[in-house]
Amino acid sequence: MSLLEDYEHQFGVLTADITSKTHGIPNLSGQPRKNAISDIERLVEEAQDLLEQIDLEVRDLPSAARQTGSVRAKSYHDELRRLQKDFRRAQVAMADAVHGRDELLGPDDVPHSEDQRERLLQNTERMQKSSNRLEEGYRMTLETEEIGRGIMDNLHRDRETMTRARDRLRGVDQDLGKSGRILNGMKRF
């Protein structure tokens, strides 16, 4: 495993950890929530450092592999930006949820009616469905990205094959030109 592949693997582990912790933020409150936010911020910093290392490794790749490496590095940068955006949304959503809960249910010292309980259950169910749709969309995005990466790799291999074929064709063309000159020279004699 090359150093670049090792960095890519570490980046994958970090992003998975960031994603799982970000999705857990809305379910936390108080000190555990603060700890989770600190952990995510630390993981994001580690991921940024790792991306800098990946960028350095891509620059050192041979020119044939550099383009593919650059495309992958760019997708990693995009992924980290998306994760940071999701993290900020989760933080804002938690603040909005606390405010919305107070509006929906009233202060904690007021007894809850059956109607309020029913509305809360309906809202919880709607939020769960929305979360499921978001997770499904995220999964589809990752699958699409993987398919795109495969297509880019195939296109790169096809380009290399076509370049080699063109070079061979030029060599054959030169050989035919030489053969034609030799035959013309032989006709003169």
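A. Seen up close, the overall build of the protein chain. When you go through the protein chain residue by residue, the secondary structure sums to four helices and zero strands. Each helix (α) and strand (β) of the protein chain, taken in turn from the N terminus, gives the series α-α-α-α. Within the protein chain, buried positions represent 20% of all 189 residues. Counting only contacts in the protein chain whose residues sit at least 6 apart along the sequence, the fraction spanning at least 24 positions is 73%. Element-wise, carbon and sulfur atoms account for 56% of the exposed surface of the protein chain, whose accessible area totals about 13900 Å².

B. Quick look at the pattern of salt bridges. Enumeration according to the criterion identifies 15 salt bridges in this entry. The residue glutamate 46 makes a salt bridge to arginine 42 at a minimum N-O spacing of 2.6 Å. With glutamate 46 and arginine 42 both in helix α2 (residues 30–59) and four residues apart, this pair spans about one turn of that helix. The exposure class assigned to glutamate 46 is partly exposed, which follows from its relative accessible area of 34%. For glutamate 146, the salt bridge is made with arginine 149, and the minimal N-O distance between the two is 2.9 Å. In this pair, glutamate 146 and arginine 149 both sit in helix α4 (residues 114–188), three residues apart, roughly one turn of the helix. Taking relative accessible area as the criterion, glutamate 146 reaches 47% and is therefore assigned partly exposed.

C. A look at the environment of aspartate 6. As for its placement among the helices and strands, aspartate 6 is situated in helix α1 (residues 3–24). By relative accessible area, which is 27% here, aspartate 6 ends up partly exposed. Put simply, aspartate 6 and isoleucine 54 are 48 residues apart on the chain and 9.6 Å apart in space, counted from C-alpha to C-alpha.

D. Structural context of the confidence of the model for the protein chain. The pLDDT averaged across the protein chain works out to 85; a share of 89% of its residues lies at or above 70. Across the protein chain, the secondary-structure element scoring lowest on mean pLDDT is helix α3 (residues 63–105), at 78, and the one scoring highest is α4, at 90.

E. Highlighting the nonpolar core. Counting residues in each nonpolar core, the largest one holds 21 residues, and the members touching the most others are Phe11, Ile18 and Ile54. Looking at this core, the elements with two or more residues in it are α1, α2 and α3. Residue contributions to this core peak at nine residues, all from α2. With residues up to four places along the chain from it excluded, the contact list for isoleucine 54 reads Leu4, Tyr7, Glu8, Phe11, Ala73 and Tyr76.

Rules used in this analysis
Residues numbered from 1 in each chain as written. Predicted model: local features only at pLDDT ≥ 70, side-chain atom pairs only at ≥ 80, totals over all residues. Heavy atoms only, no water. Helix = DSSP H or I, 4+ residues; strand = E, 2+ residues; numbered from the N terminus. Buried < 20%, exposed > 50% of the residue type's maximum accessible area, 1.4 Å probe, protein only. Contact = heavy atoms within 4.5 Å. Areas by Shrake-Rupley, 256 points an atom, 1.4 Å probe, with all protein chains shown as cover. Salt bridge = Lys/Arg side-chain N within 4 Å of Asp/Glu carboxyl O. pLDDT = per-residue confidence, 0-100. Core = buried A, V, L, I, M, F, W, Y, C linked by side-chain atoms within 4.5 Å.

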